[in-house]
Amino acid sequence: MPTTRTKKADTGAAPADEAKKPAARKAAPVVKARKAARGKPAAKKRTLAVVHADTPPAPRRGGRYLVVVESPAKAKTIKKYLGSGYAVKASVGHVKDLPKSKMGIDVEHDFTPEYHVIPSKEKALGELKKAAAGAEQVFLATDPDREGEAIAWHLNEELRHPNAVRVLFNEITKKAIQEAIAHPRELDQAKFDSQQTRRILDRLVGYQISPLLWKKVRRGLSAGRVQSVAVRLIVEREREIKAFVPVEYWTLEAELEGKAPPSFRARLAKLDGKKAEVPDRATADALLEELRKADYRVATVDRRERRRNAPAPFITSKLQQEAANRLHFTAKKTMTLAQRLYEGVELGDEGQTALITYMRTDSVRLSDDAVKAARGYIAETYGKEALPDEPMVYKSRKSAQDAHEAIRPVSMEWTPDRVRPFLEPDMARLYELIWNRFVACQMKPAIYDQTTVDVTAGRATFRAAGSILKFAGYLAVYGMAPTTDEESEREKSADGAERPAEEANVQLPELTEGERLRLVGQGLLSEQHFTQPPPRFTEASLVKELEERGIGRPSTYAAILSVIQDKKYVEKLEGRFHPTELGKITTEELVKHFPHQMDATFTASMEEQLDQISEGDADWRRVLRDFYGPFQITLAKAEQDMRDVKREEIPTDVNCEKCGKMMAIKWGKMGRFLACTGYPECKNTKDFKEVDGKVIPVEEEPTDETCEKCGRPMIIKRGRFGRFMACSGYPECKTSKPLSIGVACPTCKVGYLTERRSRRGKVFFGCNRYPDCTFAAWDRPLPEACPQCASPYLLQKYSRRDGARIVCPNRECGYTRSVDEGGSVAPPSAA
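Residues numbered from 1 in each chain as written. Predicted model: local features only at pLDDT ≥ 70, side-chain atom pairs only at ≥ 80, totals over all residues. Heavy atoms only, no water.

## Some details on the overall build of the chain
Right, so step 1: Check the secondary structure of the chain and you find 22 helices and 40 strands.
Right, so step 2: Counting all 831 residues of the chain, 49% fall into the buried class.
Right, so step 3: For the chain, contacts bridging at least 24 residues in sequence account for 65% of all contacts bridging at least 6.
Right, so step 4: Surface accessibility of the chain: about 41,600 Å² in total, with carbon and sulfur atoms responsible for 50%. (Helix = DSSP H or I, 4+ residues; strand = E, 2+ residues; numbered from the N terminus. Buried < 20%, exposed > 50% of the residue type's maximum accessible area, 1.4 Å probe, protein only. Contact = heavy atoms within 4.5 Å. Areas by Shrake-Rupley, 256 points an atom, 1.4 Å probe, with all protein chains shown as cover.)

As structure tokens, then:
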């Protein structure tokens, strides 16, 4: 819950006595701890010009300083805030890494890593070395997190400059850059050790379990300390859904009217003073008959104000969740766009300008200057009545590193409307989301007038709730849509049917206790329901689950979600993750043979140990030793005991119709299939399904078409990119072609549209004449003309908010209808 605070004085300015001294200060030695460990005296300290936030940096006469950052865009933005004596160059990310061809960890010598210069970075590193050779001072200005510290460390090792220092800033503004240059620091050994430990752990797991999966399941698979646990969450959720047994229940509502209009509906809440439970139609019908004769009176009227508090400013995970829910962005897309907003974009005459603070953070802390600017903007734009008496303060999670501020705009000068002409549409939408969240977090809560009425009818009690928005507060900028936390609570509710009263915006009539009511309109209504299984994960809900369990770090979530889809462990259908057969089998084997490493609590405890290393409270080599000993024993046992899925043949009682031999279940690139045991003489294969434990072959679908090469009938088969037509004479004839969905191509007017799959397995629809025709659509085209604009086809769209709808592809037309209103509806795509 937010609290208030009193604004503190700005401490960013240099002390008064320092301002009177000559503009020089002592530079920090390079990695003091490292030199002390080698038993060498620290190098002679050199002086560095002091730079105050209100004055341009001034290198000493004849001096030249080098500032090294990761990206060219960031370098371009920073350059305009520094003087001509400063060269700003980019390393273009990491310059050193473990080798790809081998594990690169010397386990026998206490986990010594073997770092190599990345071949593609040799040119950039050579340019940096050349620039550093003529520089008096080198500022390592990589990102202010553990990964940035690792990049700075490796740069320092390669540049070998005697006067290299570390500078940190949370935002790329003139004040922040100049203050960072004025106050450099030593490289942080603890942060580097923590990042190095993470890298070594991932390498030890990935480079030893992955080859085992290649050997036992399928070549090209990968296992990861965090990604495999993420897949496990999706697989186990799918098992919960499959095992779920729906339970029937009924709700009863009464449409009532008192002395004053309008009429209103109340739901049965209690029977004989206990929670009402109506398990079946017979019970519901008996209650309806009983309640038609009852006398309805108002028992209690409870009127109160309800406050809906503003959400905290964005941290990385919440930004990913909200962008997924509100903008339908993937985590990867969100982080890519946020990185560009942080590093700077071209704003016309203003040049390269950064728009947001550092986007990898777990802290909701805000600077006093930022809060002051936000409050000024709110008072001017929304009026003083929208402004709390004191600034709002939010508490970070206990596990937060709290190294940086929350994600926010760097300046209230750059409103979304002002920068929109210079940004790509999606980047503008993300910036507006960040802006709105920051402004909203410093506004007053929304206030609702909420009324709850209990109505007695014999032994039954009905309840009605109404709510009217009295004061918009932060909703004026952030909108009525529920946040990810509110959405999560809704999905966890028993039936997901009831909406929070504050969102219903329903007004009840004036009622008094004891007032008699009468049934009107439809009178009493009953409706059948079934309890629902837990929902499948979306990107937003999976990120939330990982965050709540402490699995991985928010900065890694985008990469994790990309990898598990790229490796075909899961696929996303209608915005939700479904495990593939490959994901299920791989997870089953990993959990069976690596139960400790695949446990979510173990993964979370490793994150805690990495945090301890970062704080200097744990020795990184000891952490690795404690992990690797048990892991090595488990690995050796798994190599002997793990099921050989690749070579496994499960016998069945299905006969091959071509040669008469028995067929067996095998595992291939497309999952499980039936194959003749007479292979290679007989190459017959079939899809199958299991019904009550019995294997039933799926017969090939015939078509009316014949093969243009051999004249045999064409049949429908399933491949890695979906269903397609193939000659029934395979393997003698290998003719195949895409399967039409019954819609002519609207672009070329010659071809037809087919269902296809992207590299990640996502279904889309394209012309069969590709690449000659490049028509493509994510939503399924339907063979039905638009009744308003005569478009030759409509689209079947799906969204979490509206469900399945039929819409016109012509945006200017705007035609839309629900699926229930009739017309063409396509079946869901085959997984």
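## Looking at the sheet that holds strand S25 (residues 662-668)
Right, so step 1: One open sheet accounts for five strands, arranged S24-S25-S26-S27-S28; its pairing is antiparallel. Two strands in the sheet have a free side with no partner beyond their single neighbour: strand S24 (650-655) and strand S28 (694-698). Going from strand to strand, the sheet's axes swing by 45° on average, the running direction of each strand aside.
Right, so step 2: As paired strands, strand S26 (residues 671-676) and strand S27 (residues 685-691) are joined by two bridges and run antiparallel to one another. Across the sheet, Leu-674 pairs through a bridge with Lys-686, a residue of S27. (Pairing = 2+ DSSP bridges. Axes fitted to C-alpha atoms, helices over the stretch in contact; angles between N-to-C directions.)

## Considerations on the nonpolar core
Here is a general trend for soluble globular proteins: nonpolar side chains tend to be buried in one another's company.
Right, so step 1: The biggest cluster of nonpolar side chains holds 132 residues, and the ones touching the most others in it are Leu-204, Leu-355, Ile-356, Leu-430 and Phe-594.
Right, so step 2: With 10 residues, the top contributor of residues to this core is helix H14 (residues 425-440).
Right, so step 3: Trp-250, Ala-284, Val-455 and Leu-508 belong to the second largest nonpolar core, which has 27 residues in total. (Core = buried A, V, L, I, M, F, W, Y, C linked by side-chain atoms within 4.5 Å.)

## Concerning the sheet that holds strand S10 (residues 137-140)
Whether parallel or antiparallel, the strands of a sheet pair through hydrogen bonds between backbone atoms.
Right, so step 1: On the basis of which strands lie adjacent, the open sheet formed by four strands has the order S5-S4-S10-S11 and parallel pairing. Of all strands in the sheet, those with a lone pairing partner are strand S5 (86-90) and strand S11 (164-166), marking the two edges. Across the sheet, the mean angle separating the axes of adjacent strands is 25° when strand polarity is ignored.
Right, so step 2: Lying over the sheet, helix H3 (residues 72-79) contacts strand S4 (65-69) and S5, oriented at roughly 165° with respect to S5.

## Some points on the pattern of salt bridges
Right, so step 1: Taken as a whole and judged by the stated rule, the model has 61 salt bridges.
Right, so step 2: In this structure, Arg-516 engages Asp-295 in a salt bridge whose closest nitrogen and oxygen atoms are separated by 3.0 Å. Taken together, the residues span a long stretch of sequence, with Arg-516 in strand S21 (residues 516-530) and Asp-295 in the loop between helix H9 (281-291) and strand S15 (296-308) at a distance of 221 residues.
Right, so step 3: Its relative accessible area of 54% is what places Arg-516 among the exposed residues.
Right, so step 4: Shared partners join several salt bridges into a network, and the residues in it are Arg-146, Arg-198, Asp-202, Arg-225, Arg-553, Glu-607 and Asp-611. (Salt bridge = Lys/Arg side-chain N within 4 Å of Asp/Glu carboxyl O.)

## Let's talk about the side chain of Gln-597
Right, so step 1: By the element assignment, Gln-597 lies in the loop between helix H20 (581-593) and helix H21 (600-614).
Right, so step 2: Look past the residues within four positions of Gln-597 in its chain and what remains in contact with it is Val-229, Phe-602, Thr-603, Phe-627, Phe-631 and Thr-634.

## Concerning the packing of helix H8 (residues 227-243) against helix H19 (residues 554-566)
Between two packed helices, the angle of one axis relative to the other and the distance separating the axes together describe the packing.
Right, so step 1: Between H8 and H19, the least distance of the axes is 10 Å, while the angle of their chain directions is 70°. Comparing their axes, H19 and H8 come out roughly perpendicular. For H8 against H19, the interelement crossing comes out right-handed. The residues of H19 that touch H8, namely those facing Gln-227, Ala-230, Val-231 and Ile-234, are Ile-560, Val-563 and Ile-564.
Right, so step 2: Its residues assigned to classes, the contact of H8 with H19 comprises six nonpolar, one polar and no charged. (Parallel < 35°, antiparallel > 145°, perpendicular 65-115°, else oblique. Left-handed = near helix turned anticlockwise from the far one by under 90°. Nonpolar A, V, L, I, M, F, W, Y, C, P; charged D, E, K, R; others polar.)

## Quick word on the confidence of the model for the chain
Right, so step 1: Considering every residue of the chain, the mean pLDDT works out to 85; 87% of them sit at 70 or more.
Right, so step 2: Scored below 50 in pLDDT, residues 1-57 makes 101 contacts in the model with residues more than four places away or belonging to other chains.
Right, so step 3: A low-confidence stretch, residues 494-504 (pLDDT under 50), is modelled with 16 contacts involving residues beyond four sequence positions or located in other chains. (pLDDT = per-residue confidence, 0-100.)

## Section: the packing of aromatic side chains
Right, so step 1: The full count for this structure, using the stated rule, is 15 aromatic pairs.
Right, so step 2: On the numbers, 6.1 Å between centres and 45° between planes, the contact of Tyr-628 with Phe-631 is tilted. On the criterion of helical spacing, the pair formed by Tyr-628 and Phe-631 is a turn pair, its members being three residues apart in helix H22 (residues 620-641).
Right, so step 3: Assessed through its relative accessible area of 0%, Phe-631 is described here as buried.
Right, so step 4: Taken together, the aromatic side chains of Phe-111, Phe-594, Phe-602, Phe-627, Tyr-628 and Phe-631 make up a single cluster linked through ring pairs. (Phe/Tyr/Trp six-rings, centres within 6.5 Å; stacked < 30°, edge-to-face > 60°.)

## Some details on unusual backbone geometry
Right, so step 1: The linkage connecting Tyr-679 with the following residue, Pro-680, adopts the cis geometry, with an omega of 10°.
Right, so step 2: With respect to the element layout, Pro-680 can be found in the loop between S26 and S27.
Right, so step 3: Here the amide bond leading from Tyr-770 into Pro-771 is cis, since omega sits at 10°, within 30 degrees of zero.
Right, so step 4: Relative to the elements of secondary structure, Pro-771 occurs in the loop between strand S35 (763-767) and strand S36 (776-777).
Right, so step 5: For Arg-160, which is not glycine, the phi dihedral falls at a positive 50°.
Right, so step 6: Mapped onto the secondary structure, Arg-160 falls in the loop between helix H5 (146-159) and S11.
Right, so step 7: Despite not being glycine, Ala-790 has its phi angle at roughly 65°, a positive value.
Right, so step 8: The topology assignment puts Ala-790 in the loop between strand S37 (780-782) and strand S38 (794-799).

## Overview of empty space enclosed by the protein
Right, so step 1: Taken as a whole and assessed by the stated rule, the structure comprises six cavities of 30 Å³ or more.
Right, so step 2: Of the volumes computed, that of the largest cavity is approximately 80 Å³.
Right, so step 3: Around the largest cavity, the lining residues are Val-205, Ile-209, Ala-223, Gly-224, Arg-225, Ser-228, Leu-590, Gln-597, Met-598, Phe-602 and Phe-627.
Right, so step 4: Residue composition of the lining of the largest cavity, by class: seven nonpolar, three polar and one charged. (1 Å grid on protein atoms, 1.4 Å probe; cavity = no way out; pocket = protein on both sides within 12 Å on 5 of 7 lines; lining within 4 Å. Points joined across faces, edges and corners; volume = space filled by probe spheres on them.)

## Notes on the pairing of S27
Right, so step 1: Bridge count between S27 and S28: five bridges; the pairing is antiparallel. Bridge pairing in S28 places Glu-690 opposite Val-695.
Right, so step 2: Counting the residues that bridge the hairpin from S27 to S28 gives two residues, and of these Asp-692 lies at a positive phi of roughly 55°.

## As for the pairing of S5
Right, so step 1: By the criterion of burial, S5 is predominantly enclosed, with four of the five residues buried.
Right, so step 2: The handedness of the S4 to S5 crossover, carried by H3, is right-handed. (Right-handed = clockwise from strand over helix to strand, strands pointing away.)

## Some words on the environment of Gly-473
Right, so step 1: Following the sequence through the fold, Gly-473 ends up in the loop between strand S20 (460-471) and helix H15 (475-478).
Right, so step 2: For Gly-473 and Ala-310, which are 163 residues apart along the polypeptide, the C-alpha to C-alpha distance reads 8.5 Å.
Right, so step 3: Residues in contact with Gly-473, not counting those within four places in the same chain, are Met-443, Lys-444, Pro-445 and Ala-446.

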